[in-house]
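# Results of the structural survey
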Amino acid sequence: MSWGTELWDQFDNLEKHTQWGIDVLEKYIKFVKERTEIEISYAKQLRNLSKKYQPKKNSKEEEEYKYTSCKAFLATLNEMNDYAGQHEVISENMTSQITAELARFVQELKQERKSHFHDGRKAQQYIETFWKQLEASKRRFERDCKEADRAQQYFEKMDADINVTKADVEKARQQAQIRHQMAEDSKAEYSSILQKFNHDQREHYHTHIPNIFQKIQEMEERRIVRIGECMKTYAEVDRQVIPIIGKCLDGITKAAESIDQKNDSLLVIEAFKSGFEPPGDIDFEDFTQPMKRTVSESSLSNSRWDGKSEPKPGSKSKGKLWPFIKKNKLSLKLITLNTQVWNLIEGGGPEDFSNLPPEQRRKKLQQKVDELNKEIQKEMDQRDALTKMKDVYIKNPQMGDAASVDHKLTELGQNMEKLQLEAQKFEGWLAEVEGRLPVRTEQSRRQSGMYDTQNTSAVNNCAQDRESSPDGSYTEEPSQESEMKVPVTEFDDEFDDEEPLPTIGTCKALYTFEGQNEGTISVMEGEMLYVIEEDKGDGWTRIRRNEDEEGYVPTSYVEVYLDKNAKGAMTYI
């Protein structure tokens, strides 16, 4: 099957396809290049590893290598060094036999493709220009025929009129003859151009274009064959070093088999043997006296073990369990109030992504931090390049004006400062989510205008004492709990005298939640509980299991069924 006969009208598609083929070739070159870089890096790491564990000269380690196990380990290190060399060989062969050859072939392919499609466009442009000439000749012939008909009709009209002079009739006859002659000439020209166009068009679609497309097809097939050959070479380069790598592994195996435990044991004897004979039996000395017994030296020596001391058990400290007490209720209510105001201020889509679930928020913040760091690195690279250029200009003024880059350096510095401030802001938010830092006080400063002086102090302390944990719950620092003071004593009394909240509905746990933080409660998936306080906009719902167990759970973890007749139940529209 030939492209010239089957694809005679697909010039544009062939142009796109051949460009795609070159792109595939360049992609394969990039793949092999990255593989060679990996091989070089791997070989370097293996060499460094082997060097790291080589025994140091004139040290105690050299003495240890008289043992067969240490000698085997040293042989393993040497074989690993040779093993690394084979990976360097792989990288070198792939670079010379694949990367360099394919890069040269791609350049030749691009030039050849450019030449073929240039010829194709030229032939196409020629036939299009000829077509326009044919159309112009056709229109001219049509116009001359119409004018000849009009002249003939005018002559016949003049000839039939008895009032017209003979001279006028002769003049009309001559004009009609001229127009007829012009029409004949146009007809001859149109016929000639049409014949030539048909001949050139046949040549174009049956000779020129098929030849060009055939060359393009051969070029594309060479590309396909070449990439197949390179893939074979890719495998052969690896296969060539397999025997040598096998020898390295055989050397390691041989070194392991050379380990002789008996020989090493003899070496230990030679190293530490004193040469003394073991002490003999001690003769019995009887110092027995009537009614009196002396304590022998051996019994005195054994008396050291009579007074054994009982080990003291270590003190076991239990982690403090934070009960759901009224003081913590006050803290959670202040946190709820603070969060509601924050949501009102920020509205939809806050910059710190606080409207998202914790894990999604963390991903968004991490993505933003990575983007900012890339931009900062880019600005730093530009600054370093401009700084070097300025130094060159200072040393060689004839190459350029050093002052011309000062404005750009200043601009880069300002951009870097803005990006760094932005990155620090998002890193702070990310640290809050990951539980590394306390909540920033900026949130409290935003709310300072919405509270009176006393309440602002209490709310800000609560906001600073809490942290966002990865599961979306809040934690408080126990050391800071005792330092929080609420100036309004009536507020404390109100919560101290607080009666248990009434039940306003029920809920079903959609997921298991581990309530490990203060004020929260653990629930199991599918568990049914009582709702005593709705979500106030902070993402938490207060529930009760029984009279003694109540706390907050994330609203997204439960499905709430409110009792419409209960007091304080919210009406949903």
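Remember, it's a predicted structure, so these values are computed and weren't measured experimentally.

What follows covers the pattern of salt bridges. Inspection of every chain in the model, using the stated rule, returns 24 salt bridges. For the salt bridge of Arg-121 with Glu-15, the shortest nitrogen-to-oxygen distance reads 2.1 Å. Here Glu-15 lies in helix α2 (residues 11-52) and Arg-121 lies in helix α4 (residues 68-160), a separation of 106 residues in the sequence. When the shortest N-O distance is used, the salt bridge between Glu-170 and Arg-173 registers 2.0 Å. With Glu-170 and Arg-173 both in helix α5 (residues 166-257) and three residues apart, the pair spans about one turn of that helix. Given the relative accessible area of 33%, Glu-170 is considered partly exposed.

For the rest of this paragraph, the subject is the packing of α4 against α5. At a minimum axis distance of 7 Å, the contact between α4 and α5 shows a crossing angle of 170°. Classified by the angle their axes make, α4 and α5 are roughly antiparallel. Taken together, the residues of the contact of α4 with α5 sort by class into 47 nonpolar, 18 polar and 24 charged.

Within the secondary structure, Arg-35 is located in helix α2. Residue class for Arg-35 comes out buried when judged on its relative accessible area of 16%. Within polar-contact distance, the side chain of Arg-35 engages the side chain of Glu-39 at 2.7 Å. If sequence neighbours within four positions are ignored, Arg-35 has contacts with Ile-90, Met-94, Tyr-234 and Asp-238.

Its location among the elements puts Glu-550 in strand β6 (residues 550-554). Polar contacts involving the side chain of Glu-550 include one to the side chain of Arg-542, which spans 3.0 Å. A distance of 3.2 Å separates a polar atom in the side chain of Glu-550 from a polar atom in the side chain of Arg-544.

There is a patch of like negative charges on the surface, built from Glu-61, Glu-62, Glu-63 and Glu-64. Secondary-structure assignment places Glu-64 in helix α3 (residues 60-64). The partly exposed category is assigned to Glu-64, whose relative accessible area is 36%.

Moving on to the confidence of the model for the chain. Taken as a whole, the chain shows an average pLDDT of 76; of its residues, 75% reach a score of 70 or greater. By mean pLDDT, helix α12 (residues 453-465) is the weakest element of the chain at 36, and α2 is the strongest at 94. Low confidence marks residues 567-573, where pLDDT is under 50. Its contacts with residues over four positions away, or in another chain, come to nine contacts.

Thresholds applied
Residues numbered from 1 in each chain as written. Predicted model: local features only at pLDDT ≥ 70, side-chain atom pairs only at ≥ 80, totals over all residues. Heavy atoms only, no water. Salt bridge = Lys/Arg side-chain N within 4 Å of Asp/Glu carboxyl O. Helix = DSSP H or I, 4+ residues; strand = E, 2+ residues; numbered from the N terminus. Buried < 20%, exposed > 50% of the residue type's maximum accessible area, 1.4 Å probe, protein only. Axes fitted to C-alpha atoms, helices over the stretch in contact; angles between N-to-C directions. Parallel < 35°, antiparallel > 145°, perpendicular 65-115°, else oblique. Nonpolar A, V, L, I, M, F, W, Y, C, P; charged D, E, K, R; others polar. Polar contact = N/O pair within 3.5 Å; in protein donor to acceptor, adjacent residues only side chain to side chain. Contact = heavy atoms within 4.5 Å. Patch = residues over 30% accessible without salt bridge, like charges linked within 9 Å, V, L, I, M, F, W, Y side chains within 5 Å. Areas by Shrake-Rupley, 256 points an atom, 1.4 Å probe, with all protein chains shown as cover. Lys, Arg positive; Asp, Glu negative; His and termini not counted. Charge placed at Lys NZ, Arg CZ, Asp CG, Glu CD. pLDDT = per-residue confidence, 0-100.

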